[in-house]
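Listed below are the residues making up each chain.
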Amino acid sequence: MFKNHIKVAWRSLRRQPFFTFLNIFGLATGMAGVLLISLYIYNELSHDKMFADADRIHRINADIKFGGDETISGETAAPMAAVLENDFSQVEIATRIRNLGSVLIRKSTTNNNIKEINTAYADANFFDMFGLDLLVGDPKTALKEPNTLILTKTAAEKHFGVNNAVGQELLLDNINNYVVTGVIDDFPKNSLLREHSVFMAMSGYEDAQESEWGSHNYFTFIKLIPSASVEDFQAPLQEIVGDYLIPWVQQIYPGITEKNFIASGNYVNYYSIPLTDIHLYSDAQFELSANGSIQNIYILSFIGLFLILLASVNFMNLSTAQSLKRAKEVGIRKTLGSNKAGLVKQFLTESSLLSFISLLVAIGIAVVVMPFFNDLAGTEISLPFLNPVFWLIVLFATILLSLFSGWYPAFFMSRFIPVKVLKGIGKSSVGGGNIRNSLVIFQFAISVFLIVGTLVVFNQLEYIQNKELGFSKDQVLIVQDFYGAGTKGEAIKQEVKKIAQVKNASISSFLPTPSSRSDYTYFREGFTNQEDAVNMQRWLVDYDYLETLDITLKAGRNFSQERMTDSTAIIINETAVSLLGVSTEEALGLRVSSDLGDENGEYFTIIGVVDNFHFETLRDDIGALGLRLGTSTGNMAVKISGGAFSSTLTAIEEVWNKNIPEQPLIYNFMEESFNDTYQAEQRLGRIFMVFTILSLFIACLGLFGLAAFNAEKRTKEIGVRKVLGASVGQISYRLTLDFLKLVGISILISLPIGWYAMEQWLQDFSYRIEINWWMLAFAGLLTITIAILTVGYQSIKAAIASPVKSLQVE
Amino acid sequence: MLLQLNNIFKWVNSGGQRIFLLKDINLEVEEGEFISVMGPSGSGKSTLLNVIGMLDTFDEGEYNFLHESVHTLKEKHRSNLYKEYIGFVFQSYHLLDELTVQENLEMPLLYKKYKGSERKAMVADMLDRFNIVGKKDLFPAQLSGGQQQLVGVARALIANPKLILADEPTGNLNSQQSEEIMELFKKLNQEDGVTIIQVTHSENNAAYGSRIINLLDGRKV
């Protein structure tokens, strides 16, 4: 009997190529989409699970509020790891990683520098913590001695290959000598260390040995003993504040106790986050590598669910629409002795057959689309063809899908009463119309929702990109790794400034693009209470900084080469002024100092106030900022006047190569690095768009099929109307209007939901657009237009058919 | 006795009025009879046939089929009953378009759970008996109306039913094809002892039967 079912199913699919195509194509598109989304989510969820004992590894985060500034830091103080290891019996080992950023590396025997972008200091028990095996070298000693380092396989191969790596001497940034003591395999793409390629021994890093609790610069990982529970660990962890942090603060501010520290509204909360949660749940300011977000996982899961629902609904609609053709068969089978259950089985067999054909098509689509998807999502996913579990899940999901999509048509069709269908009593008696209509409404409601989402995301992106930022990022070229220039920096800058097309150039520690920076705590002269502390970023700039970036002075003056005293001057922004609790005019001439960091209580005089400009992303409010004169090696910004870009670039390159022949010029445009900041949003926007198109496409396939069905069902009515004198236009209009009503209802349902959901999304931005009526109107109109185009064809086709023919059918 | 209808009523309510489709029908059918049901359009011929075939229900009265009281049976038992004993022949043949002649013949056997080898033998036997072996791999659309109806009759017969119900079996056929089918019915009735009830408009066709029942407005006349 099963064979018979398959045979009939196969033949009836082939007999109706148009419907079969719509059905399979719709289902396959949905399945392919869901397949990609599932693999992506699986990849996101698998982050850092590859490390041995991953379930016992945690990182210490600190939630800090001090000096009007709140931060969640993924890094904690240098002495933290030792305290955890010594004072806590639950902690098996603790290890620290201290990011160093990019470093130029060459063999001491060559002149050829190669840049490694992510390097870090690591404690000697680094290998123990993450269960890493060395390809060459001894894990017990590899990171023990100062000035030793290990490389990843890829990094090692750039210089000398893996096997003879141990013992090689390397020169870092042209000055620091290191010996290679080991090589590890590259980290998997879904681990938080994926971008790191060089680890240097922490024992050679002085800052790491100090017992300073005020700077949070060390990623501190702990491995708990197997019997320990994380929950029991949190309360004792917090005691570190009273036991270590406060005593250290008291050395600088003798009056401070834990009580009045908390009473003044400040806090430091230490807590641990599981290693495997970092990628999706940690929202710390500094991370070892860019995190995903659980929010995106939710959004994608919803989109995936929508897609498969859409495809499934399509299937139901098209199948029941075809029931006219199958009604006779049901009748015959019943008179030949089939019962309802037998027919249900038959139709479910049929939907399974369709689902499995669709699965094959879907896998084909997924293979083709995968590279584009990876590009879109910034991942490296492939279909795990060799994984039996994958196939098991795929097969199971397909069966589930076919049952889900098949049950309604199956029960719907098996209910037909033979006496009626065999007599052919009116095609309109097939029924099921209300359910089909609801399904169409559901499909289009989802599509409209996604259109609204796409519009809002793209408009917000547009807004961000065109927002007046308070500085000019146009035509600004950034020379990176300026530390490579060493002492020749100032000379290079002067030479570059002489190039005809160059308007200005400035060397600074930071540019107004997001980057990892620290806050320093400043006090106004004569104020020492912690309530008066102002947490402020401090950037080292030169005389040309404000001019190069078109930053506006609100009051006071810029640094001047004529005044020797400007080495102790500071320019602050409006936020800093308001945190100091004075007016702009009052701020000028005030003196501020920071006890921490390298300033050692020296006083700086405020000589100018600049307008606020956006130096973090538009998700954040503008924080306090201080600019000081100083020699720095971060980067050089070059403002270029329009035109002749390439010749200017060549000229700059010439200057660079003349001075620093051993290192290539690395540059980018400020516009680019600014746009990179909104990669997450751009990705979300593109993902929204792709899946909006997909869902609209699937919904239209369904609508197209339904329109065909409807036209067929009403053949007689159309014939009668024509005989009575109705025009083609009137009939097409009637047929189309029915569907437009459904689409209209969908729009009414989903516009408010879309508006509400996107309003929530926009809450994340400090600077955001308002959702405009025209976005909603546009979404509605677009949907209606597409619906008209889809249905119109079928309607006109039905309307121009000869009435003689259509009346004969009945 | 094969079947017995006692005081069968069937009606529908339309516009507050009760319209009778069958009114007080009494009928006894012995095994081996060949009955023709006649009457003008809308007189209830097909309804009566459907009631006898258990495809349709009735509102009042008793119906006994081989000692079973059909009116008290549940849907499932009813369908088992007609599956076992009744074969249907339709005016528009109602073959399954997706299946070949051979496969169409096999259908009733599948539903009765015959074994594969048995099915093969029975289908081959039937093809042979109806002289359509050469057409076994053709689809219905490739056959003439008369040939299709031949297959329809063969399909109705294949599971050895006691009763064949034919609703205007020659309604779509020309006179020559009609005659062939009627001859076939006569032969089946006389040689194989199959009981046949047919609905027909044609006096000629009715003459093949052993008894004629006339209906008018749902009543036997």
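Here the structure is a predicted model, which is why all the values come from computation and not from measurement.

Here we come to the overall build of chain B. Counting secondary structure elements, chain B contains seven helices and ten strands. By the compact-globule yardstick of 17 Å for 221 residues, chain B fits well, its C-alpha radius of gyration being 18 Å. Referenced to the eigenvectors of the C-alpha coordinate spread, the extents of chain B come out at roughly 55 × 40 × 35 Å. The proportion of buried residues among the 221 residues of chain B is 42%. Sequence-distant contacts, at least 24 apart, represent 72% of the contacts inside chain B between residues at least 6 apart.

This brings us to the packing of helix α23 (residues 728-762) of chain A against helix α24 (residues 773-800) of chain A. Helices that pack against each other are described as a pair by the angle of their axes relative to one another and the distance between those axes. Residues and elements named next belong to chain A. Relative orientation of the contacting elements α23 and α24 amounts to 155 degrees, with a least axis distance of 8 Å. Looking at the two axes, α23 sits roughly antiparallel to α24. When the axes of α23 and α24 are compared, the crossing they make is right-handed.

Looking now at the pairing of strand β3 (residues 91-107) of chain A. In summary, the side chains of a regular strand alternate between the two faces of the sheet. All names here are of chain A. Direction of pairing for β3 relative to strand β10 (residues 219-224): antiparallel, over a ladder of six bridges. Residue pairing for β10: Ile-93 is matched across the bridge by Lys-223. Both β3 and strand β4 (residues 114-122) contribute to a ladder of seven bridges, which runs antiparallel. Within β4, the residue paired with Ile-105 across the bridge is Ile-114. With antiparallel pairing between neighbouring strands as the criterion, β3 and β4 make up a hairpin whose turn holds six residues. Pairing of β3 with strand β7 (residues 169-172), which is carried by three bridges, proceeds in the antiparallel orientation. The residue bridging Lys-107 from the neighbouring strand is Leu-170, located in β7.

By the element assignment, Thr-513 of chain A lies in the loop between β13 (502-508) and β14 (519-524). In this structure the C-alpha to C-alpha distance between Thr-513 of chain A and Glu-671 of chain A, which are 158 residues apart in sequence, comes to 9.6 Å.

A few words now on the sheet that holds strand β22 (residues 667-669) of chain A. Remark on secondary structure: sheet strands pair via backbone hydrogen bonds, oriented parallel or antiparallel. Residues and elements named next belong to chain A. Strand order in the open sheet formed by four strands is β13-β21-β12-β22, with antiparallel pairing between adjacent strands. In this open sheet, the two edge strands, each paired with only one partner strand, are β13 and β22. Each strand axis lies, on average, 20 degrees off the axis of its neighbour in the sheet, ignoring direction. Pairing between strand β12 (residues 476-479) and strand β21 (residues 635-640): four bridges, direction antiparallel. The residue of β21 that forms the bridge with Val-479 is Met-636. Where helix α15 (residues 489-498) meets the sheet, its contacts fall on β13 and β21, and the angle it forms with β13 comes to roughly 165 degrees.

Our focus in this paragraph is the interface of chain A and chain B. In this assembly, 17 residues from chain A lie in contact with 17 residues from chain B. Where the side of chain A that touches chain B is concerned, the elements lending two or more residues are α1 (2-15), α10 (323-335) and α13 (418-423) of chain A. The residue inventory of the side of chain A that touches chain B, partitioned by class, reads seven nonpolar, six polar and four charged.

This part takes up the UniProt feature "domain: ABC transporter" (unreviewed entry) in chain B. Mapped onto this structure's residue numbering, the UniProt feature "domain: ABC transporter" (unreviewed entry) falls at residues 3-221 of chain B. With 36% helix and 27% strand, residues 3-221 of chain B has end C-alpha atoms that lie 20 Å from one another.

Soluble, globular proteins show a tendency: their nonpolar side chains are buried together. Counting residues in each nonpolar core, the largest one holds 78 residues, and the members touching the most others are Met-31, Leu-307, Leu-310, Val-448, Val-452 and Leu-703 of chain A. Elements supplying a minimum of two residues to this core: α2 (17-45), α9 (294-321), α11 (340-377), α12 (388-414), α14 (433-466), α21 (679-713), α23 and α24 of chain A. Once residues lying within four places of it in the same chain are set aside, the contact partners of Leu-703 of chain A are Val-440, Phe-739, Ala-787, Thr-790 and Val-791 of chain A. Counting residues in hydrophobic clusters, the runner-up holds 72 residues, among them Phe-90, Val-101, Leu-150 and Ile-213 of chain B.

A few words on the confidence of the model for chain B. Chain-level pLDDT for chain B is 90 on average; 100% of the residues reach the 70-or-more range. Two summary scores accompany this predicted model of the complex, namely pTM at 0.77 and ipTM at 0.82.

Cut-off values and rules
The residue numbers shown here count from 1 along each chain, following its written sequence. Working convention: letters from A go to chains and numbers from 1 go to ligands, in the order in which they are written. A pLDDT threshold of at least 70 governs which residues receive local features in this predicted model, and a stricter bar of 80 or more applies before side-chain atom pairs are shown or counted, although totals over entire chains, interfaces and linings include all residues. Numbering goes from the N terminus for both helices and strands, where a helix is a DSSP run of H or I of at least four residues and a strand is a run of E of at least two. With the radius of gyration taken over C-alpha atoms, the globule rule is written as 2.2 Å times the number of residues to the power 0.38. Labels follow a simple rule on C-beta atoms placed from the backbone: if 20 or more others lie within 10 Å of a residue's own, it is buried; if 12 or fewer, it is exposed; otherwise it is partly exposed. By the convention adopted here, residues are in contact when the distance between their C-beta atoms, placed from the backbone, does not exceed 7 Å. Here the axes come from fitting lines to C-alpha atoms, over the contacting stretch only for helices, and the angles between their N-to-C directions go from 0 to 180 degrees. Angle categories: roughly parallel below 35 degrees, roughly antiparallel above 145, roughly perpendicular from 65 to 115, and oblique for all the rest. Crossings are classed by handedness, with left-handed meaning an anticlockwise turn of the near helix from the far one by less than a right angle and right-handed meaning a clockwise turn. Strand pairing is defined by DSSP finding a minimum of two bridges between the two strands. Ten residue types, Ala, Val, Leu, Ile, Met, Phe, Trp, Tyr, Cys and Pro, are classed as nonpolar, four, Asp, Glu, Lys and Arg, as charged, and the remainder, Gly among them, as polar. UniProt positions are given in the numbering used here, feature names are shortened, and annotations may be inferred rather than shown by experiment. Remark: nonpolar core denotes a set of buried Ala, Val, Leu, Ile, Met, Phe, Trp, Tyr and Cys residues whose joining runs through C-beta atoms within 7 Å. Note: pLDDT gives the predictor's confidence per residue, expressed from 0 to 100.

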